[in-house]
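# Report on the structure
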There are 2 protein chains.
Amino acid sequence: FDTTPQAIRLYLLYNHWGFQILVYAFILVDLALAIFEDPAVVPLPIWVTSVIELVCLAAFTARLVHYAKVIPRERFWKDPKNICIFAIILLSLVDMIIYGALKASGFYAVRWSRVLRPLLLVNITEGRQLRRAFRSIRNALPQILYVFLLFMFSVLMFSLMALKLFGKRGLKTIEGRPYFTNYLEIVFDLYVLVTTANSPDIMMPAYNFSVYFAVFFITYILINTYIFMSVFLAVVYNNYKKYLKEEVRKLVRAKRHKMVRAFGVLQERKGEEEPVVSQACWNQLVRLVQPDISNAHRELLWSVSDDNNKGCIGKVAFVQLADLLNIQVIMMKSRPHPLKTWLPSLYLSSPSRLVCRMVQHKAFMYTYDLIILVNAVFIGLDEEDPLIANVEWAFLVLYLLEILLKLYSFEPRAFFSRHQFWNCDLSLILDIVFILRILRLIRVVDNIKRFRAIINTLIKIGPTILTFGQLIVVVYYIFAMVGMELFKGKIRFFEANSTDPDKAFCGNALLKNSVFAKHNYCKNNFNNIVSSFILLLELTVVNQCGFTAVTHISARMFFVLFHIVVVIIIINIFIAFVLEAFFVEYTVDQSNLQSSLEKKIEEL
Amino acid sequence: FDTTPQAIRLYLLYNHWGFQILVYAFILVDLALAIFEDPAVVPLPIWVTSVIELVCLAAFTARLVHYAKVIPRERFWKDPKNICIFAIILLSLVDMIIYGALKASGFYAVRWSRVLRPLLLVNITEGRQLRRAFRSIRNALPQILYVFLLFMFSVLMFSLMALKLFGKRGLKTIEGRPYFTNYLEIVFDLYVLVTTANSPDIMMPAYNFSVYFAVFFITYILINTYIFMSVFLAVVYNNYKKYLKEEVRKLVRAKRHKMVRAFGVLQERKGEEEPVVSQACWNQLVRLVQPDISNAHRELLWSVSDDNNKGCIGKVAFVQLADLLNIQVIMMKSRPHPLKTWLPSLYLSSPSRLVCRMVQHKAFMYTYDLIILVNAVFIGLDEEDPLIANVEWAFLVLYLLEILLKLYSFEPRAFFSRHQFWNCDLSLILDIVFILRILRLIRVVDNIKRFRAIINTLIKIGPTILTFGQLIVVVYYIFAMVGMELFKGKIRFFEANSTDPDKAFCGNALLKNSVFAKHNYCKNNFNNIVSSFILLLELTVVNQCGFTAVTHISARMFFVLFHIVVVIIIINIFIAFVLEAFFVEYTVDQSNLQSSLEKKIEEL
C-alpha cells in the first residue's frame, strides 16, 4: 500500500459513499435500459438507449481507472473482478458496434452483451456479499453435481420403466395425445412431476386404467420428489454452513491481524513491562474512528477494556476494541418530561398524574390492541356504507389521541426509543396511507413476547435477503434476456375488452385449444422485461411451461435449466439461510463480550 | 421386577419374536378390514367383518393380559399405552354393538371407532420407534403453534388487503365467478397459494387487470410460501435435533446403567485390586447373548477389551461390550477355490489362470458396465421387432456368462460377500423378472465411488423410513376414515368404455363444467380405502380439492387440516430426518470404538 497523503486521499475518495451510490445508480440505469430496448415496455429510439449505455460504460470505466490508481498495478491485474469489469465494458462496446452496423444494413441482430450487464453487480468492489454468495454456490457445485447425476439417473430409469409399463397400452392423455410413448417426452414429464407442477394430471390416465399403476407414481414421488429434493437441500445447506464457518474464521483472523498491527503502531513501552496503549491515545483513536460516539459511552467502553483501572490496556483488551464498538448501546437518560420543567404545577397536579398512571398501565395497551382489532373488522366490512366511512375517522381520532397521551405521559425521547421504528413510525405514517393501515395489526402481534422473538429473527434476516435479492436479480436478468430473445412475440396478450378473434388462443394458432390459452395465461410471456420477470417468478413457484408448444421442443431445456439453477440451487440456499438464522436464534442468546458490557452497565 | 424362573419364562415368552409377528399380523388384519367394510373395495357381509374384528380384539386382549402378568400391577396401570389399548378395545366393542343395533333397526350408523384402529400400532409394546416419533411431534407442537399463529395472522392480513385491493373492481375468475369478493374465500384461496397448488391461476385475473397487482402476489409468496415454510422446517428440525440428542443421551445412560449392574453381578474381587471380570466368565456371557458369533470373532473382541493382556477386564472395558457386539465384522477367509482342490491340474493350467486374471482385471468390469448400458438402450427400443427380442436373449447369455466366469475365478463365498445383496442378488434374480431388469443399471452407478457414498447413506435411511411409513399410515388411515364418512359416493368413477351420460361430470351434477371433471379426476375420490389413500397422497404432493364443490364449503377445513398435519409437520420431520442423516454422513466418518477394532485387526 502506498501511504503518501495523496494516495490516502485518493483511497478515501474512492470509498466515499457518494461515489458508491453513484456506481449503483449507474448500474441500475444500465439494467433498466432493458425496459426501453426492443422488446420494450416503453419503446425508445435506438440512439437514445445507446447514448445512455455509453454514458454508463464511461462511468464504469472512470471508476475502474480510479481503482487502478488506488491499488498497485500488479495487484490490479491479478484481481479477476477488475478483469471481468474490463471485459464486460469491452464486450458491450463491441456488441453495440456490431448491432448498430447490422441494424443499419438491415440484418437481423441480437444484443447478446445484455446478458453480461448483471455481472457488473457482482464484480464491483461493493459487491462483496454477492461475490461471497456466488463463491458459496461454486464451492457447493461439485457435490450438487454428484447428487444431480444420481437424481437424473433415477429419473431416466423410471422413465424407461414407464415407457415399458405404459407405452404399449394405447392410453391417451386428457388432451387426446398418446400417453407415455416417447422416451424423451416421458423424461420431461417425470422431471416436471418432481416440481409437482403436473402432479395428479400426469398420473390420471394410468390410474384410471388400473389402481396398481399408482404404485409406480407413488414410488417415483417418494424417491425423487421427497428424498432427492431433501438431499439437495442437505448438500447445499451443509456446504453453506461449512463455507460460512470458513469465511467467518478468515474475517476474524484478518481483523485480529489488523488490530495487532494497529497496536504495534500505538503501543508504548514502560521499562520491562508489557507494551500498552494509554487511555489518552485510545480516546483519540475512538474519537477519530467514531466521531458520533458520546463521552459517556466512550468512558463505558474504556472501563470494560481496562478492567483493573490501570489507566492503560494491553494487547488482548485492545484487540477487542472493534467488537466493542459494534455493540449498540442505547442511551436511556431518565430526563424529566419537558412539561414538568415548564409547567410543574400543572403537570404534577393529581388529575395529570392520574392520566399518566392510566396511560402507563397495561390495560391501556390492551384497550388499544382491542381497538385495532375492532378497526380491522371494520376495514373488512363494506366501505360504501357512509356509517363505516365515518367510523374510520373516529378510529383515526382515537389513534391520534393515543399518540398525544403517550407523548404527554412519557418523555418524548423515551417514547421514540421504546417504540421501534416499524412499530411507531408505521402506525404514525401508515394511518394516512389508505390500504396499508391494515399493517397496524402487526402492533397487536408484536405485543406478545413469543411472537416478537420470531418477528425479530425475521427482521434480522432482512439485510441478507437483500443480498439474495441481488442474486435473484442477476440470475433472473440473465434468464429474462435469453428468454426474451427466444420467445418474444410468440404469445400476445389482449385486453379484456378486445374483440380480436386471436384472443382465444393468445395470438398464436399453435395454442388453439391448449390448456395454456384456456387458463388465460396469455399475459405470462417474454414480450418485455417486466412480464419476463413476473413469469420467471411464477416458474420458480410452479414450473409450468406452455412455451414449448409455440417453439421447438428443445426450448424445454430452458425451463429445466431454470429449475435447476433457481429452485434446486438458489432457493435451497435461501432455505438454508433461514434455517441457520433460526438455529442461531434458538441456541445462542448473547455473545460473551456483550454480556460483559452489560455487567459493567449494571455495576455503574 | 419379579425374578422367579416362572416370571422370566413368561417374560421371554412375551418377547418371543413369534408373538410379536403375530400381534403385527392381527393389527394388519384389523386395519385391512377397511377394504371389506362399507364403503368397500370388496364388499363382505357385515357379520364376517364383525367376527374377524372380534377375533382381532380378542388377540389384543390376550396380549394385554399377558403383559399384565409380566410386569407389576401398579406399573401396568400407570403406563398410558396400556390404558390406551384397553380403551381402544372397549370403545371398538361398544361401537360394534351400537352399529349392529342401529343397522338392525334400520337407522343410519357410523363406525366411528375405526379411526382408533391405527392407534394400536402406536401403543403396542413393539411400537417404540413410532411412539418416539409421536413424542417428538408433541414436543415440537408449542413452537410450531406460535409460528403457525403468526403465519395465519399474515395470511389473514394479506386476505384483508386483497379484499380491499381487488374486491371492488368487479374482476372475474376464469370460471366466471366473482374474484376476491368474499373474505373467507380469499383466506382459503391464499392458503392454497402457500401450497403452490393454484399458483398462477389465482393471480391471473388481477395480473391481467394491471401489472402492478403482481407485486402483491410476489410479496405474499415470498413471505408466506418461502419464508414461513422455511421457518416451519427450521422449528421442526430444531426440535427434532434437540429431542434426538436427549433421547440418545437417555438411551446411552440407561445402557451404561444396566451394564454396570451386570458388571456388579459378574465381578470378581482379587484382594485390594479393582473388581474385574475374568475371561472365562466373559466368554460364557458372550456365548449366551450371541450364540452365532464365531470363536475367532470372540477372541478378537476380547483382545480389544483386554488391551494389556491381563486375562481380565475392568469396569470401563466391560461396559463397552454392548457397543462392541454391535460392530459388524465381516469374516473374509481366503479359502482356496473348490475347483483348485478338486481339479488342481486343470485349474492351475495357464489358460485357466489367464481367464482368472482377465476376470479379475478392471477392464472386465468396465466391459460389463458398457454391456449393461447398451442393453438399456435396447430395452428402450421397440420390442415388437423380433431382432431386438433376440438381442435380449443374447444379453441374458452374456450375464449368465459373467456370473459363471466370476464363480470360476473367485471363491464362491468371497464372490457373494464382495457383491452386496442388492448388487448381486438383484442382477441374478431380476434378470428373470421382466420389467425390473432395468434396475441392473444401478450396478453401473454403484461402481463409481462418489455415487456409492450417496447411495449408502440413502440405504441407511431405509429402516427409519419404515418408522415414517407407519407414522404416515396412522395419519392417513385416520384421515381416510373421516374422509370416507364425509365424501363417500359423492363422486363416481366410470370405466373408459362406459356410455353413461353422468360420466362427463363424475356422476355428480354439481361438478358440471368444473375443472375437476374436465381434468377427469373422477377416480380421485373417497369411495373406498385404496382410492382414499391414493387421493391423500396426491393431496400431500399438491393440495387440490374439488370436493368442496360437492359438499358444504366447510369441508375445506378437512383439507386445510390435512395440509397442516401432513405437509407442515410430518413431511418436515421427514426432511429434517434426511438432512440429519446426510449431515452425520458428511461429518462423522467412524466412531472411536470401530477404529480401535480396526487397529486391532490390522495388528493381527
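It should be noted that the structure appears before, not after, this text.
Residues numbered from 1 in each chain as written. Chains lettered and ligands numbered in written order. Predicted model: local features only at pLDDT ≥ 70, side-chain atom pairs only at ≥ 80, totals over all residues. Heavy atoms only, no water.

## With respect to the overall build of chain A
Check the secondary structure of chain A and you find 27 helices and two strands. The buried share among the 604 residues of chain A stands at 46%. Restricting the contact set of chain A to residue pairs at least 6 apart, pairs at least 24 apart contribute 69%. (Helix = DSSP H or I, 4+ residues; strand = E, 2+ residues; numbered from the N terminus. Buried < 20%, exposed > 50% of the residue type's maximum accessible area, 1.4 Å probe, protein only. Contact = heavy atoms within 4.5 Å.)

## Some thoughts on the relation of the copies chain A and chain B
Mapping chain A onto chain B leaves a residual RMSD of 0.1 Å; the transformation is a rotation of 180 degrees accompanied by 0.0 Å of translation along its axis. These values place the two chain copies in the arrangement generated by a two-fold rotation axis. Residue alanine 197 of chain A, judged by its C-alpha, is the member of chain A lying nearest the rotation axis, at 4.0 Å. (Least-squares fit on C-alpha atoms with pLDDT ≥ 70 in both.)

## Section: a positive patch on the surface
Residue and element names in this part refer to chain A. Positive charge collects at one region of the surface, where Lys245, Arg249, Lys250 and Arg253 lie side by side. Within the secondary structure, lysine 245 is located in helix α10 (residues 213–266). We classify lysine 245 as exposed; its relative accessible area is 54%. (Patch = residues over 30% accessible without salt bridge, like charges linked within 9 Å, V, L, I, M, F, W, Y side chains within 5 Å. Areas by Shrake-Rupley, 256 points an atom, 1.4 Å probe, with all protein chains shown as cover. Salt bridge = Lys/Arg side-chain N within 4 Å of Asp/Glu carboxyl O. Lys, Arg positive; Asp, Glu negative; His and termini not counted. Charge placed at Lys NZ, Arg CZ, Asp CG, Glu CD.)

## Overview of the nonpolar core
If you look at the biggest cluster of nonpolar residues, it comprises 255 residues, and the most contacted ones within it are Phe217 of chain A together with Phe217 of chain B. Those residues in contact with phenylalanine 217 of chain B that lie beyond four places of it in its chain are Phe166, Tyr179, Phe180, Leu190, Leu193, Ile202, Met203 and Ala206 of chain B. (Core = buried A, V, L, I, M, F, W, Y, C linked by side-chain atoms within 4.5 Å.)

## Things to note about the packing of aromatic side chains
Counted under the stated rule, the structure contains 68 aromatic pairs over all chains. Pairing phenylalanine 166 of chain A with phenylalanine 216 of chain A gives two aromatic rings, centres 5.6 Å apart and planes at 80 degrees, and the pair type is edge-to-face. With phenylalanine 166 of chain A in helix α7 (residues 128–166) and phenylalanine 216 of chain A in helix α10, the pair connects residues that are 50 residues apart, well separated along the chain. Phenylalanine 216 of chain A gets classed as buried once you look at its relative accessible area, which sits at 8%. Their ring planes at 80 degrees and their centres at 5.7 Å tell us that phenylalanine 151 of chain B and phenylalanine 232 of chain B sit as a pair that is edge-to-face. Of this pair, phenylalanine 151 of chain B sits in helix α7 (residues 128–166) while phenylalanine 232 of chain B sits in helix α10 (residues 213–266); the two residues are 81 residues apart in sequence, bridging distant segments of the chain. With respect to class, phenylalanine 151 of chain B is no different from phenylalanine 232 of chain B; both count as buried. An aromatic cluster of three or more residues is present, and its members are Phe158, Phe166, Tyr179, Phe180, Phe209, Phe213, Phe216, Phe217 and Tyr220 of chain A. The positively charged end of arginine 63 of chain B is found above the aromatic ring belonging to tyrosine 14 of chain B, 3.8 Å away from the centroid. Here the basic side chain of lysine 523 of chain B rests over the ring of tyrosine 207 of chain A, its NZ or CZ set 5.1 Å away from the ring centre. (Phe/Tyr/Trp six-rings, centres within 6.5 Å; stacked < 30°, edge-to-face > 60°. Lys NZ or Arg CZ within 6 Å of the ring centre and 35° of its normal.)

## As for the pattern of salt bridges
Going through the model one piece at a time under the given rule, you end up with 28 salt bridges over all chains. Here lysine 488 of chain A and glutamate 485 of chain A are joined by a salt bridge, their closest N and O atoms 3.6 Å apart. A relative accessible area of 27% places lysine 488 of chain A in the partly exposed class. What makes glutamate 485 of chain A partly exposed here is its relative accessible area of 22%. The shortest N-O distance in the salt bridge between arginine 117 of chain B and glutamate 53 of chain B comes to 3.1 Å. Taken together, the residues span a long stretch of sequence, with arginine 117 of chain B in the loop between α5 (80–104) and α6 (119–123) and glutamate 53 of chain B in helix α3 (residues 46–70) at a distance of 64 residues. The exposure class assigned to arginine 117 of chain B is buried, which follows from its relative accessible area of 2%. For glutamate 53 of chain B, a relative accessible area of 1% puts it in the buried group.

## Here we look at unusual backbone geometry
With a phi close to 55 degrees, phenylalanine 180 of chain A is a non-glycine residue in the positive phi region. Its location among the elements puts phenylalanine 180 of chain A in the loop between α7 and α8 (183–194).

## Some details on the interface of chain A and chain B
Each partner contributes residues to the interface: chain A has 83 residues there, and chain B has 83 residues. Counting the surface lost from both chain A and chain B, the interface buries some 7900 Å², and carbon and sulfur atoms represent 76% of this. Contact with chain B buries area across many residues of chain A, yet Lys164, Tyr226 and Lys523 of chain A alone supply 8% of it, more than any other trio. Across the chain A-chain B interface, the total number found is zero salt bridges. Counting the contacts that link chain A with chain B gives four residue pairs in polar contact (both at pLDDT 80 or more). Elements represented by at least two residues in the side of chain A that touches chain B include exactly α7, α9 (199–209), α10, α18 (362–380), α22 (441–446), α23 (449–487), α25 (529–541) and α26 (556–587) of chain A. Looking at the side of chain A that touches chain B, the element that brings in the most residues is α10 of chain A, giving 14 residues. Classifying every residue of the side of chain A that touches chain B gives 57 nonpolar, 14 polar and twelve charged. (Buried area = accessible area lost by both parts, 1.4 Å probe. Polar contact = N/O pair within 3.5 Å; in protein donor to acceptor, adjacent residues only side chain to side chain. Nonpolar A, V, L, I, M, F, W, Y, C, P; charged D, E, K, R; others polar.)

## A few points about helix α19 (residues 386–409) of chain B
For α19 of chain B, spanning 24 residues, the distance from its first C-alpha to its last is 35 Å, which sits close to the expected 34 Å at 1.5 Å a residue. Along α19 of chain B, the positions that sit buried rather than exposed are Ile388, Val391, Glu392, Phe395, Tyr399, Glu402, Ile403, Lys406 and Ser409 of chain B. (Expected span 1.5 Å × (residues − 1).)

## Considerations on the packing of α3 of chain B against α5 of chain B
What describes two packed helices is the angle between their axes and the distance between those same axes. Residues and elements named next belong to chain B. One can describe the packing of α3 onto α5 by two numbers: an axis separation of 11 Å at closest approach and a directional angle of 160 degrees. Between α3 and α5, the crossing angle belongs to the class labelled roughly antiparallel. Like other packed secondary-structure pairs, α3 and α5 cross with a definite hand, here left-handed. Of the residues in α5, those in contact with Ile46, Ser50, Glu53, Leu54, Leu57, Phe60, Thr61, Leu64 and Tyr67 of α3 are Lys81, Asn82, Ile85, Phe86, Ile89, Ser92, Leu93, Met96, Tyr99 and Lys103. For the contact of α3 with α5, the class distribution of residues is twelve nonpolar, four polar and three charged. (Axes fitted to C-alpha atoms, helices over the stretch in contact; angles between N-to-C directions. Parallel < 35°, antiparallel > 145°, perpendicular 65-115°, else oblique. Left-handed = near helix turned anticlockwise from the far one by under 90°.)

## As for the environment of valine 94 of chain B
Locating valine 94 of chain B in the fold gives a position in helix α5. Separated by 19 residues in the primary sequence, valine 94 of chain B and serine 113 of chain B have C-alpha atoms spaced 8.7 Å apart.

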